[in-house]
Amino acid sequence: MLACLLGRMPLRQFARGDVPACLAWAATYQLIGVLGGSLFREPWQGVLAAVVLTVLISGAPAVWRRLRARWAH
C-alpha cells in the first residue's frame, strides 16, 4: 500500500487489485481458524502448524529454482 501511495497509483487501479487480495486474505485466515480449531486440541498447535506451512510454502519456489539450476548444469 505504501509503494502504491508513493508511486501515485490511481485509487481505482489500486482498489481493483486490493479488494480481491483482501478477500483472499480473509478467506485464508478464516480457513486456518476453522481447520485449526477442528484439527487441534490446543490453539497454539494450530498456530504452529500455520506458521510451519507458511514457511514451507513460501520457501518451496526458491528450493525448486535451485534444484532446476542443478539439473540444468
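Let me begin by describing the structure that accompanies this report. Model, not experiment: these values are computed from the prediction. (Residues numbered from 1 in each chain as written. Predicted model: local features only at pLDDT ≥ 70, side-chain atom pairs only at ≥ 80, totals over all residues. Heavy atoms only, no water.)

When helices and strands are tallied, the chain shows 3 helices and 0 strands. For the chain, the succession of helices and strands along the chain, N to C, is α-α-α. Relative to a compact globule of 73 residues, whose C-alpha radius of gyration would be 11 Å, the chain shows 18 Å and is clearly more extended. With the principal axes as the frame, the chain shows a C-alpha extent of 45 × 45 × 15 Å. Taking all 73 residues of the chain together, 4% fall into the buried category. Accessible area of the chain: about 6800 Å², with a carbon and sulfur share of 70%. (Helix = DSSP H or I, 4+ residues; strand = E, 2+ residues; numbered from the N terminus. Rg over C-alpha atoms; globule rule 2.2 N^0.38 Å. Buried < 20%, exposed > 50% of the residue type's maximum accessible area, 1.4 Å probe, protein only. Areas by Shrake-Rupley, 256 points an atom, 1.4 Å probe, with all protein chains shown as cover.)

The next thing to look at is the packing of aromatic side chains. Taken as a whole, this structure holds 2 aromatic pairs when the rule is applied. Ring geometry for Trp-25 against Tyr-29: centres 5.0 Å apart, planes inclined by 40 degrees, an arrangement best described as tilted. Of this pair, Trp-25 and Tyr-29 are both found in helix α2 (residues 11–39), 4 residues apart, which corresponds to roughly one turn of the helix. Measuring from centroid to centroid gives 6.1 Å for Trp-64 and Trp-71, while their planes differ by 85 degrees, and the two rings are edge-to-face. Overall, the relative accessible area of 47% leaves Trp-64 in the partly exposed class. Owing to a relative accessible area of 61%, Trp-71 belongs among the exposed residues under this scheme. (Phe/Tyr/Trp six-rings, centres within 6.5 Å; stacked < 30°, edge-to-face > 60°.)

Here the focus is the state of the cysteines. Taken as a whole and judged by the stated rule, the model has 0 disulfides. Of all cysteine sulfurs, the one in Cys-22 lies closest to Cys-4, which takes part in no disulfide; the gap is 12 Å. Given a relative accessible area of 23%, Cys-4 falls into the partly exposed group. (Disulfide = S-S within 2.5 Å.)

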